[in-house]
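# Inside the fold
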Amino acid sequence: MAARPFSEGDTILLLDRAGNRRVVRLRPGERFHSHKGFLEHDRLIGAEEGISLRTQTGAVFTAIRPRLADYALEMPRSTAIVYPKDVGIILVWADMYPGATVLESGLGSGALTLALLRAVGPTGQVVVYESRRDFIAPALENIRNWGEPPANLLIRECDIYDGIQDGDFDRIVLDLAEPWRVVPHALSALRMGGIAACYNPSIIQVQQTVAALEAAGGFGMIETLEVLYRPWHVKGMAVRPAHQMVGHTGFLTFARRLAVRSGPTERLDAADRTAELEGELPARPLP
Ligand SMILES: C[S@@+](CC[C@H](N)C(=O)[O-])C[C@H]1O[C@@H](n2cnc3c(N)ncnc32)[C@H](O)[C@@H]1O
């Protein structure tokens, strides 16, 4: 795609020399204000992406279109969000694909929803169950500010613990306090071979979720993992890990909907999978 100059209504990212970042929606006649001075939006509308401009106090800001991850980190939040490092593995490990139908709960601030919408594309659908009415409007605002309001997003204000009224989803993604209470409903709402993904900040939640998945009798290939993201500082001879990192966000549990088996469901944890891939463990025979 050819470079596109910024236009009215675009959401852009302004970065100063210290690495501070702000997401701004461009509107004619408005000003972006910071403690380092201001920039008129009219100087940015029509400018090339990547341009650097000075405020009236001489501070330099570089303007660029944000990645979805930048936007999600900067947008207003009503709730904790799923961080980009975890979003990335949810998309790959749950194998989100264009055209997939996904059930998500809850909506929260819409960070994960935005990534799911992008992954399934216009031919897919994302249905979100959210119990808190007051969270829905701000999350929708976040979603609309990222781009065109998606026609393939359906938000239901309801409690998913009461049941799932829609059905035959390719994927189910849960980020709420008690995902184990959704497991019995997910059993009938997820198509055979479909994938469920749960994000849990606490390992106690993981234990209960895995127990529920095992007890349900229709889930297998259960795997729990966490993603450790460690940025590095690379400047001249100083090449080392960054002094600070996000120590913990959450754990991710994935499971596949399988035909009911009489015995206990097979459990595959991340260490086993790695060992198997590296040939340290023999690959298990098919049942
Ligand atoms: C941590 S937030 C989700 C954040 C979201 N994944 C994001 O990235 O922005 C959890 C959300 O689940 C919602 N929730 C909690 N229990 C629920 C339930 N039983 N049914 C539907 N939504 C629920 C909460 O109101 C909250 O909005």
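Since the model is a prediction, treat every value here as computed from it, not as a measurement. (Residues numbered from 1 in each chain as written. Predicted model: local features only at pLDDT ≥ 70, side-chain atom pairs only at ≥ 80, totals over all residues.)

## Here's the deal with the overall build of the protein chain
Looking only at helices and strands, one finds 8 helices and 15 strands in the protein chain. Seen through its principal axes, the protein chain has C-alpha atoms that stretch 70 × 50 × 35 Å. In the protein chain, which comprises 287 residues, the proportion classed as buried is 32%. Within the protein chain, counting contacts between residues at least 6 apart in sequence, those at least 24 apart form 63% of the total. (Helix = DSSP H or I, 4+ residues; strand = E, 2+ residues; numbered from the N terminus. Buried ≥ 20, exposed ≤ 12 C-beta atoms within 10 Å, placed from the backbone. Contact = placed C-beta atoms within 7 Å.)

## Overview of the site of the ligand
Among the 23 residues in the neighbourhood of the ligand, the closest are listed as Gly106, Gly108, Ala111, Ser131 and Asp175. At the level of secondary structure, the elements contributing two or more residues to the shell around the ligand comprise α4 (111–120) and β8 (125–130). The residue makeup of the shell around the ligand, split by class, is 12 nonpolar, 7 polar and 4 charged. (Near = placed C-beta within 6 Å. Nonpolar A, V, L, I, M, F, W, Y, C, P; charged D, E, K, R; others polar.)

## Description of the sheet that holds strand β7 (residues 101–105)
Pairing in this open sheet of 7 strands is mixed, and the strands run β9-β8-β7-β10-β11-β15-β12 from one edge to the other. Looking at which strands have only one partner, the edges of the open sheet turn out to be β9 (153–157) and β12 (219–225). Here the strands of the sheet are splayed against their neighbours by 15 degrees on average, with no regard to which way each runs. Alignment of strand β10 (residues 169–174) against strand β11 (residues 190–200), held across 5 bridges, turns out to be parallel. By the bridge assignment, Ile172 is partnered in β11 with Ala196. Set on the sheet, α4 makes contact with β7, β8, β9 and β10; between it and β8 the angle comes to about 160 degrees. Helix α7 (residues 203–216) contacts β11, β12 and β15 (251–257) of the sheet and is inclined by roughly 170 degrees relative to β12. (Pairing = 2+ DSSP bridges. Axes fitted to C-alpha atoms, helices over the stretch in contact; angles between N-to-C directions.)

## Let's talk about the sheet that holds strand β2 (residues 21–25)
The antiparallel open sheet is built from 4 strands, whose spatial order is β2-β1-β6-β5. Every interior strand has two partners, whereas the edge strands, β2 and β5 (52–54), have only one. Across the sheet, the axes of successive neighbouring strands diverge by a mean angle of 30 degrees, strand direction being ignored. Taken together, the 5 bridges between strand β1 (residues 11–16) and β2 define a ladder with antiparallel strand orientation. Following the sheet pairing, Thr11 is matched in β2 by Arg25.

## Details of the nonpolar core
The biggest cluster of nonpolar side chains holds 55 residues, and the ones touching the most others in it are Val102, Leu116, Ile172, Val173, Ala196 and Ala197. Residue contributions to this core peak at 8 residues, all from α4. Setting aside residues up to four positions removed in sequence, Ala197 forms contacts with Ile90, Trp93, Ala94, Val173, Leu252 and Phe254. Among the nonpolar cores identified, the runner-up in size contains 9 residues, and Val24, Leu26, Phe61 and Ala63 belong to it. (Core = buried A, V, L, I, M, F, W, Y, C linked by C-beta atoms within 7 Å.)

## Description of helix α3 (residues 84–93)
Among the residues of α3, those classed as buried are Asp86, Val87 and Ile90. Axial view of α3: buried residues confined to an arc of 105 degrees, hence all on one face. (Arc of directions from axis to C-beta.)

## A look at the domain arrangement of the protein chain
Along its sequence, the protein chain is carved into domain 1 (11–66) and domain 2 (70–277). Computed over C-alpha atoms only, the centres of domain 1 and domain 2 are separated by 33 Å. Of all the secondary structure elements, the ones that give two or more residues to the side of domain 1 that touches domain 2 are β1 and β2. Top contributing element to the side of domain 1 that touches domain 2 by residue count: β2, with 4 residues. Of the residues contributing to the side of domain 1 that touches domain 2, the split by class is 3 nonpolar, 1 polar and 3 charged. (Domains from an automatic or database assignment.)

## Points about helix α5 (residues 133–146)
Taking 1.5 Å of rise per residue, 14 residues should cover 20 Å, and α5 covers 21 Å from first to last C-alpha, within 8% of that figure. All buried positions along α5 are accounted for by Ala139, Asn142, Ile143 and Trp146. Looking straight down α5, one finds that the buried residues subtend no more than 95 degrees of arc, so they occupy a single side. What points out from α5, more than 90 degrees from its buried face, is the exposed set Arg133, Asp134, Ala137 and Arg144. The inward-facing, buried residues of α5 abut β1, α2 (68–74) and α4. (Expected span 1.5 Å × (residues − 1).)

## Examining the environment of Leu225
Counting through the fold element by element, Leu225 comes out in strand β12. Judged by the 16 C-beta atoms lying within 10 Å of it, Leu225 falls in the partly exposed class. Sequence-wise, Leu225 and Gln205 are 20 residues apart; in three dimensions their C-alpha atoms are separated by 13 Å.

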